[in-house]
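A closer look at the structure
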Amino acid sequence: MTDTNTRTRAADWWDITRRPRDQQSEPRLFERGEAKTTDAWKQLLRCLGANAGRGLPPLSSDARQRLAENQSVDPNDATTWSTRDAHVSAVLQRHGIELAGRKVSEEARVRLIEQQRVADRDAGLDWATITTPAETLDERLKAALAATIDTDDPQLYAYERDKARAVARRHRLDVDTIDDLARYALVSAERFDALDPRCWQIGSPRWGEAVTNSMGIVEAVDRPVGVFLHPVDGTRGGWALTPTFSADMIRLILQLGGAIEKSLQKAAIPRLNSDDLLHAINQQVLETPTVPLYQLRRPPRTPEQLKDALLDEADLDVNVGPVVDPRDKWGRIRVRRLGEAVDLAVVTNHARQFPNRLLGRGAAGSRKDGSPGRAMALGEAVAVAAQRELPVVLGQAATEALDGRVRVGRMAGRPGELTITTAAIFTATSRRLAVDRAIPQLRALKQAGTAVSLDPTAVETIAMSLARPLADDPILLGRQQAVTPLMVLGSGLNASQTATGKTIMAGRAIYHRAVTTPRFRGMLVAQALLLPQWREELTRGAPERRLPPLAPNVRVVTIEEASSVSAQLQQADRDAGDEALLLLVSKSMLERFPHELAALRYHLLLVEEAQSYRNPATEAHRSLRELRMRAVLDCWLLSATPKSKRSEEIDILVGLAIGDEVMIDERPNVREAGDLVREENAHRVRIGYGPHMVRVTKNDMRPWMPEVRPARAMPVEPDGALADLLQAIREGGQRAYGKLVALLRRARALEPGSAAHRAALAEIARAQGVVLGNVGVFLDASVDPETLLHSRAALAIALARDGLVEPAVRGGGDGLPLLRGAVAEVLNDAAAGGVQTLVFAERVNCLHQLAGTLRDRHGLEAHVGDGSVDPETFAEIKRRFLAGEFSTLLLSSVGQEGHNLQTASLTCNLDFPWTTPPLEQRLGRAARPGATSPVIDVINPYIKGGAIEHVVSILAPRGAESHHLLDGFEGMRPADSAVASQLGEITAQVAASRHDEGRAVTAAKLRVAAAVFGSNANS
């Protein structure tokens, strides 16, 4: 007796440990089996049609407790079962179906559980009571199972393998065809059609039969290599292209009795059919494995050599000639003989027109498949292939996405262009159109009743293009009324010229966005010193300028650096509640706390003076990029000077604004446009930006702006002492440059990484520093040679020691440097006439020396604003200047942006920056709405033959390019642009000087720039 009890307890313990974990903690009554004698247990068994407890799906611990206490349980209640899978398994078990619940799709689970609950209710089954004996429930249980479950419906199953088996059972297909069924056929039982190619995997024998039945046999294949369109990370990650056999080539291979791998990049045909292959295929794409792919660009072999190689290695007698078509150079088919079969593989050769980053790579070896290109929007991917005239093979996901619909998307890297994509069975075509040309075609499709699907980014671009001006806005003027609604609807770069109202447009965009957006949350990023000005104009306006508040409906909160950023954000969000909220954040705070600032989600982000984010390598750019991508819906960057040295910088800023990482990293809009000095190329770039780059010009605001006269160049012939000094600097610079070139040549002959090579690199770095220092010495001497007496450059020290600097300092005849004396006379005359003047220079010492001359020689009060002046002192200097208390204000680079100095009517460029943005910013300090003078004059004094001519020779072509890219597209005449007004005359003079020196190429470039600016250079 004892042995029997021991065996019973051991069996019970074994039974418990094999159950799910939550069953192992069930009551002792259930463990001993006593609960299985209760009426509640018998009723549940009768419901499920099971004869033993072990046949039940796992119950929850609560259900087991209730059964042990003889309390009823509801099989339709989710809490009865340990998992949702168990609940579904119970429903299936009631219908006599042996199928694990985990294999049922989520949609089918919801449907089955709800249908069974309703069926039980209609059959009169009350699971809240216990019926004894349980057999009396049989009639009602039978009635509750009247509705059958179709196990041949693919929608019942979660896994594609089970779906395929269901379709095969429903349509009595052979078991060996299950793997050939495509996802298109597994959506529903009614969709399957054995003659529809979409129901079969591309490249499978049944797919080939279906295509042949609908399209006939393939006679010839001119383009054997195409691209396969497939999703990346589902369809959420976008779409990618991979080089594969084209659809016609796949059909031909199947017709010849061949087999194709799932990658669609490798295949094999019987050797007996190789002649038929040659008769049908474009033989120019054939290649042998022994030809290294990297050599295909040259090419390494003559057609005769390639013909011999194909005959020897693949037993193919081909007729090939020189490869001319770039598609044949890119997409090749590697052929080799393997026993009684001929092996085929798609290989690709990188070419500029066929970049791997877009089209992917072909097979890299006998065992390695190719790789896809980067993720793109669906329409963009098709357009990339269509642009290169490559056939597209649609994957199953792409077929479903395009099934009966026209897809409209926005081009990555070219937000102003849309793609309109349509599909035909297993191929697709796409048209790429500028948004203004695409809209009429979309309207025509809508009128024709065509189903059109628009990507969210395309919706944004179209909405911005169709935006109507805010003609009833009481603050906006002129073209500001057309630009501001774009800032309300989407994202982009506002590159409006200096002093044309970017602040006003941004403020009104905040106002209108807050009106239309519940619980609006926005952020504005600017220099810390300008945040109080922004707050004042948004909430109070500027009564002295008759400017009302720009956004009176928004709560404005400044985030301070002294306390926790995230805590301030949360407090501001709570305090605002349903009120609109705008956070003011300094640029330095954004750079240091991008993670904390991303704690909220923002409807709109505005960034002032966004040109500081042009370089992706900087921490500032990375911080803004992180915030934009993580926490911002729409973003507008404000910059009157988005372009510095490279036009690609505009791509970067527009990409940051719209959240397009392809545009930031690859910059395709500018890189593929060509020479932007050519007007048509520059306009093509602007079309590529579409409504996502806007620019209000001074022409647009002319009724409210002063007239800016073309700058007057003041060339000064150097005296003998200055000419000797400049010549000595040239000779010293040439020697330093020659040394640098010699070091570079010597370094090339050394082994990289060796001690000698490292020492050579260090010496090169020192020599390069000397060369760059000499350039600075040349500039200093050209503007004010006295600066060399304070210079630490070796060349400047040597020149001073040799006695060449002092004579040049006194060379003006009155003990002053020549140029400084001439400029001081002009400024003194201007002050005598009641004119206030702004003098700009990059070299701070030159400004201080000129200010000293004005005070000491002419008795004029003059002040210098540079980095050494604290904000309070500079604010007082500005106040006194605007009040007319002194006539001449000299500003270094720190004073060129953001300051309103409308009382000045004369601007003097003592030197020039290397890029055009600072030049435009300089003019914008005085030439702005509210200027006290109706006319602004500009003078450009310079020493002939000095460094300023060299700076102009670099600056002028950049200015011409900027005009075409920014202002020419807006319809502004070259002579009316800010850069042209300052560079026109001096560029023409420098071009003539360069021509006289025999430097024809430089002179030609300058003449082009001068022509853009509306000036004529002497030839």
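Residues numbered from 1 in each chain as written. Predicted model: local features only at pLDDT ≥ 70, side-chain atom pairs only at ≥ 80, totals over all residues. Heavy atoms only, no water.

The protein chain is annotated in an unreviewed UniProt entry as Helicase-related protein from Conexibacter stalactiti.

Regarding the packing of aromatic side chains
So the rule is basically this: Note on ring pairs: Phe, Tyr and Trp rings are taken, using the six-membered ring of Trp, and paired if centres are within 6.5 Å. Classes follow the plane angle, with under 30 degrees stacked, over 60 edge-to-face and the rest tilted. A 1.4 Å probe rolled over the protein chains alone gives each residue an accessible area, and that area as a share of the maximum for its type sets the label: buried under 20%, exposed over 50%, partly exposed in between. A ring has a charge above it when a Lys NZ or an Arg CZ is no more than 6 Å from the ring centre and no more than 35 degrees off the ring normal.
For the structure shown, the criterion picks out three aromatic pairs. Taking 5.5 Å as the distance between ring centres and 55° as the angle between the ring planes, the aromatic pair formed by phenylalanine 881 and phenylalanine 886 counts as tilted. The pair phenylalanine 881 / phenylalanine 886 is uniform in exposure class, with both members buried. In this arrangement the basic side chain of arginine 508 is found over the ring face of tyrosine 511, its NZ or CZ atom lying 4.3 Å from the centre.

Some remarks on the pattern of salt bridges
To be explicit about the condition: We count a salt bridge whenever a side-chain nitrogen from Lys or Arg sits within 4 Å of a carboxyl oxygen from Asp or Glu. By the criteria applied, helices consist of DSSP H or I runs no shorter than four residues and strands consist of E runs no shorter than two, each listed in order from the N terminus.
For the structure on display, the rule yields 54 salt bridges. Between arginine 410 and glutamate 460 there is a salt bridge, and its shortest N-O distance comes to 2.9 Å. Of this pair, arginine 410 sits in strand 9 (residues 406-411) while glutamate 460 sits in helix 18 (residues 456-465), and the two are 50 residues apart along the sequence. By relative accessible area, which is 16% here, glutamate 460 ends up buried. A salt bridge links aspartate 937 to arginine 709; its shortest N-O distance comes to 3.3 Å. Of this pair, aspartate 937 sits in strand 26 (residues 935-943) while arginine 709 sits in the loop between strand 20 (707-708) and strand 21 (712-716); the two residues are 228 residues apart in sequence, bridging distant segments of the chain. Looking at aspartate 937, the relative accessible area reads 27%, which means it is partly exposed. Several salt bridges converge on common partners, so that one network encompasses Asp222, Arg223, Asp325, Arg327 and Asp328.

Describing the packing of helix 34 (residues 818-832) against helix 35 (residues 844-858)
Two numbers describe a pair of packed helices, the interaxial angle and the distance between the axes. Going by this rule: Whenever a helix is involved, its axis is fitted only over the stretch in contact; in every case the axis is a line through C-alpha atoms, and angles between N-to-C directions fall within 0 to 180 degrees. Any angle that falls under 35 degrees is termed roughly parallel, while one over 145 is termed roughly antiparallel, one within 65 to 115 roughly perpendicular, and all others oblique. Handedness of a crossing is defined here by the sense of rotation of the near helix relative to the far one, left-handed for an anticlockwise turn of less than a right angle and right-handed for a clockwise turn. Working rule for contacts: check all heavy atoms of both residues, and any pair within 4.5 Å makes them a contact.
One can describe the packing of helix 34 onto helix 35 by two numbers: an axis separation of 10 Å at closest approach and a directional angle of 60°. Between helix 34 and helix 35, the angle falls in the class oblique. The handedness of the crossing between helix 34 and helix 35 is right-handed. Touching Arg820, Val823, Ala824, Glu825, Leu827 and Asn828 of helix 34 are Gln849, Leu850, Thr853, Leu854 and His858, all from helix 35.

Details of the pairing of strand 16 (residues 581-586)
Under the convention used in this document: Strands are labelled as partners when DSSP assigns at least two bridges between them. Here the term right-handed applies to a crossover when the path leading from its first strand over the helix to its second strand runs clockwise, the strands being oriented away from the viewer.
Taking burial as the measure, the six residues of strand 16 include six buried ones, the bulk of the element. One ladder, built from six bridges, connects strand 14 (residues 521-526) with strand 16; its direction is parallel. Following the sheet pairing, glycine 522 is matched in strand 16 by leucine 582. Crossover handedness for the path strand 15 (residues 555-558) to helix 22 (residues 565-576) to strand 16: right-handed.

Describing helix 34
Under the convention used in this document: Given a helix with a known number of residues, its expected span is that number minus one, times 1.5 Å.
The terminal C-alpha atoms of helix 34 lie 22 Å apart, and with 15 residues this matches the ideal 21 Å at 1.5 Å per residue to within 8%. Within helix 34 the residues assigned to the buried category are Leu818, Leu819, Arg820, Gly821, Val823, Ala824, Leu827, Ala830 and Ala831. At the C-terminal side of helix 34, glycine 834 shows a positive phi close to 80°.

Focus on the nonpolar core
Side chains of nonpolar character tend, in soluble globular proteins, to be buried together. Operational definition: Only buried Ala, Val, Leu, Ile, Met, Phe, Trp, Tyr and Cys residues count toward a nonpolar core, and they belong to the same one when joined by side-chain atoms within 4.5 Å.
Judged by nonpolar contacts, the single largest core of 67 residues is most densely connected at Leu229, Met249 and Ile333. Take this core: its biggest share by element is six residues, from helix 10 (residues 247-255). Among all residues touching methionine 249, those that are not within four sequence positions of it are Val221, Pro224, Leu277, Ile281, Ile333 and Leu344.

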